[in-house]
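Residue-level structural notes
Chain residues, written in single-letter form:
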Amino acid sequence: MDVNMDAETQEVPASAGRFTSLRSKLPKAQDRSPASVFIIGTPFSGSTLIGRDMTTRISKAHYVGELNNYTKLPGLSGDDDYGRVCGPCDLLGRRCPHFSDAFREIASYDDILGMHAQLARSLGASTVIDGSKFVGWLRHALAQRAAAPANRASLKVIITARNPIAFTLSHQHRTGQQLWQGANIWRDIYVDALRTVNAHGLPNMVVRYEDYMADRESALERLAAFLHLPLEAKPDNTRLHDAGGNWSSFVPYVGIDQINETIERLSEGARADAEEFVKHARAYWSDDKPKADTRWHRSIDVGQANTVLSTPGLADVASLVGYNLAEIVSKAVRAGH
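Okay, so let's go over this structure.

Reading guide: rules and limits
- Residues numbered from 1 in each chain as written.
- Predicted model: local features only at pLDDT ≥ 70, side-chain atom pairs only at ≥ 80, totals over all residues.
- Heavy atoms only, no water.
- Disulfide = S-S within 2.5 Å.
- Buried < 20%, exposed > 50% of the residue type's maximum accessible area, 1.4 Å probe, protein only.
- Pairing = 2+ DSSP bridges.
- Helix = DSSP H or I, 4+ residues; strand = E, 2+ residues; numbered from the N terminus.
- Axes fitted to C-alpha atoms, helices over the stretch in contact; angles between N-to-C directions.
- Contact = heavy atoms within 4.5 Å.
- Parallel < 35°, antiparallel > 145°, perpendicular 65-115°, else oblique.
- Left-handed = near helix turned anticlockwise from the far one by under 90°.
- Polar contact = N/O pair within 3.5 Å; in protein donor to acceptor, adjacent residues only side chain to side chain.
- Core = buried A, V, L, I, M, F, W, Y, C linked by side-chain atoms within 4.5 Å.
- Salt bridge = Lys/Arg side-chain N within 4 Å of Asp/Glu carboxyl O.

**Regarding the state of the cysteines**
Between two cysteines, a covalent bond joining their sulfur atoms is known as a disulfide. With the rule as written, the count across this model stands at 0 disulfides. Free cysteine: cysteine 86, not disulfide-bonded; nearest cysteine sulfur from cysteine 89 at 3.7 Å. Residue cysteine 86 is classed as buried on the basis of its relative accessible area of 3%.

Structure follows, in structure tokens:
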């Protein structure tokens, strides 16, 4: 399920001649193109939770999930069937009216903004939030827009970030790779993200996962203002329709019991894979409000902290996305080290 997020080495070169317009295959969408918002960042940065919270709370905004996995763009998606269905509908055992069989047959990474327009029409949204996370996916969309001069779709970017120590630990747990390897990935993704949004002059905002979990209401107010859409007082969890998302991301919306029942119904091999996937997160599941991100507190020694922070350029990039590394280290290093 995990793929390398290094867009510079993995993305397929964009070619304007390859683009086929999804709009020509679909019913006529609304006259005014919806706003397209791209979430970019590392894995484990809370993109699915943040995207779904925006769907349930921000009027006319809809998070549609990881369309890179839905369309299976070579180099920017996994090799299995992960992400080819609506996650919430699949979990609840219902047929999705939006991510339908008909839509799956014609959806294409050759027209990302066309997919956004069709999903906006189907979902009744004015803003589509694409959670693919790859900077390369965003660049494909930019190239496609540039190849169609009449396309004046509005593009914005939300950069989701988790501090480099928390990310490298999660990356190590999931992949078995060394901390320095995760640190390199963290640095490279955010360098690429900042360089791309600045080069193209795209409106953008950074959402740090730790800050979001500490004060979700204030973060949602900022996000609603960024999207120029109203924030609803109460969530509407019935709105959720999106592709992909890990098991833990469903807990705040359907409850722990539903997740456990779904995992129990899986085949033996699939159930073992699911249990392995969620074992580190189970302690943080809550039917009420997800707990603050503290798993990385007091989790490393001085040598491990130095391994991460000595990565060339990492400290500078961390500062650019708003992290105080001295504060992070003071929380991460075990007492007595």
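**Some thoughts on the sheet that holds strand E4 (residues 155-161)**
Hydrogen bonds along the backbone pair up the strands of a sheet, which may run parallel or antiparallel. Pairing within the open sheet is parallel, and its 5 strands lie in the order E2-E3-E1-E4-E5. Strand pairing shows two members of the sheet lacking a second neighbour, strand E2 (61-65) and strand E5 (204-208), which therefore form its edges. Between one strand axis and the next, the sheet turns through 25° on average, direction left out of account. Across 4 bridges, the pairing between E2 and strand E3 (residues 127-133) is parallel. Residue pairing for E3: histidine 62 is matched across the bridge by valine 128. The sheet contacts of helix H7 (residues 135-146) involve strand E1 (35-41), E3 and E4, and relative to E1 the element is tilted by about 150°. On the sheet, helix H9 (residues 179-199) packs against E1, E4 and E5 and is oriented at approximately 160° with respect to E4.

**A short note on the packing of H7 against H9**
For the pair H7 and H9, the least separation of the axes is 10 Å and the interaxial angle reads 25°. As the angle between them shows, H7 and H9 are arranged roughly parallel. Crossing angle aside, the handedness with which H7 passes H9 is left-handed. Residues Val135, Leu138, Arg139 and Leu142 of H7 pack against Ile189, Asp192, Ala193 and Thr196 of H9.

**Details of the side chain of histidine 116**
Relative to the elements of secondary structure, histidine 116 occurs in helix H6 (residues 112-123). Engagement of the side chain of histidine 116 in a polar contact is seen with the side chain of serine 36, the distance being 2.8 Å. Not counting chain neighbours up to four residues away, the residues in contact with histidine 116 comprise Pro34, Ser36, Phe38, Leu67, Val128 and Asp130.

**Focus: the nonpolar core**
Counting residues in hydrophobic clusters, the biggest one holds 61 residues, and the most contacted among them are Phe99, Trp137 and Trp186. When residues in this core are grouped by element, the largest group, 9 residues, is from H9. Excluding residues that lie within four positions of it along the chain, tryptophan 137 makes contacts with Phe38, Leu67, Asn68, Thr71, Leu73, Leu76, Tyr109, Ile112, Met115, Asp130 and Ser132. Formed by 24 residues, the second largest nonpolar core is a distinct cluster that contains Ile39, Ala61, Ile129 and Met205.

**A few points about the pattern of salt bridges**
Within this structure, the stated rule accounts for 13 salt bridges. A salt bridge links arginine 57 to glutamate 217; its shortest N-O distance comes to 2.7 Å. In this pair, arginine 57 sits in helix H2 (residues 47-57) while glutamate 217 sits in helix H11 (residues 216-227), placing the two residues 160 residues apart along the sequence. Classification of glutamate 217 as partly exposed rests on a relative accessible area of 37%. The partner of arginine 239 in a salt bridge is aspartate 236, and the shortest N-O contact between them spans 3.4 Å. Overall, arginine 239 belongs to the partly exposed group, its relative accessible area being 26%.

In short, geometric facts, not functional conclusions.
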